[in-house]
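Close look at the chain arrangement
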Amino acid sequence: MAQHRFTRALAGILTAATLTTGGLVGATAATAAPARPATASAATIQAAVNNLGLNTAEAKSVQCYVRDAGYSPGAIDGQLGTSSWKAWQSFLNALGYNAGSVDGAVGPNTIRALQRFLNYVGYDTGGVDGIAGAKTKAAWAAFSNLGGGWC
């Protein structure tokens, strides 16, 4: 019984110490979550954007294209981030181009699917290899500018 009271008292002291050092209410020092930064840095946000060589106006154009096709790219801001790529992956998968997982990451499956799509609509990507090389980027830019853009 004395051991139990000592353990409870020790837990109370650890909880009080945690509260005074900015821990979570009711957490002990052993279970308090580490502090996390409140906002992501601009470098982190920028790292999630992959325009594949498109300038802002061209990226807005392909965001408008996929939006008008029925897929939400998020804000039409010229920054092809996770939401834009999820929309493109869903669009490409729906057309049977096999972009793979709808995760917003621009990997080889997404690039191959984009290359298949661009080839189908008449742009030469230099092949379907999953690499966003110069010809793929040029085809992507030409598509974005078709008819003066999609917005």
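Just above, that's the structure.
Residues numbered from 1 in each chain as written. Predicted model: local features only at pLDDT ≥ 70, side-chain atom pairs only at ≥ 80, totals over all residues. Heavy atoms only, no water.

Taken as a whole and assessed by the stated rule, the structure comprises 18 aromatic pairs. Note on tryptophan 88 and tryptophan 140: the rings are 5.1 Å apart at their centroids and 80° apart in plane angle, and the pair reads as edge-to-face. Here tryptophan 140 lies in helix α6 (residues 134-144) and tryptophan 88 lies in helix α4 (residues 82-94), a separation of 52 residues in the sequence. Since its relative accessible area comes to 0%, tryptophan 140 is described here as buried. Plain terms: the ring middles of phenylalanine 91 and phenylalanine 117 are 5.5 Å apart, the flat faces sit at 80° to each other, and that makes the pair edge-to-face. Taken together, the positions of phenylalanine 91 in helix α4 and phenylalanine 117 in helix α5 (residues 108-120) put the pair 26 residues apart, joining distant regions of the chain. Pair check on accessibility: phenylalanine 91 and phenylalanine 117 agree, each one buried. What links up through ring pairs into an aromatic cluster is the set Tyr65, Tyr71, Trp85, Trp88, Phe91, Tyr97, Phe117, Tyr120, Tyr123, Trp140, Phe143 and Trp150. (Phe/Tyr/Trp six-rings, centres within 6.5 Å; stacked < 30°, edge-to-face > 60°. Helix = DSSP H or I, 4+ residues; strand = E, 2+ residues; numbered from the N terminus. Buried < 20%, exposed > 50% of the residue type's maximum accessible area, 1.4 Å probe, protein only.)

So, on to the nonpolar core. Formed by 24 residues in total, the largest nonpolar core has its most connected members in Trp88, Leu92, Leu114, Phe117, Leu118, Trp140 and Phe143. Breaking this core down by element, the ones donating at least two residues are α3 (56-68), α4, α5 and α6. Not counting the four nearest positions on each side in its chain, leucine 92 is found in contact with Tyr97, Asn98, Ala99, Thr110, Ala113, Leu114 and Phe117. (Core = buried A, V, L, I, M, F, W, Y, C linked by side-chain atoms within 4.5 Å. Contact = heavy atoms within 4.5 Å.)

This part takes up the environment of valine 121. Mapped onto the secondary structure, valine 121 falls in the loop between α5 and α6. The sequence separation of valine 121 and phenylalanine 143 amounts to 22 residues, and the corresponding C-alpha distance is 8.6 Å.

Keep in mind these values describe shape, not function.
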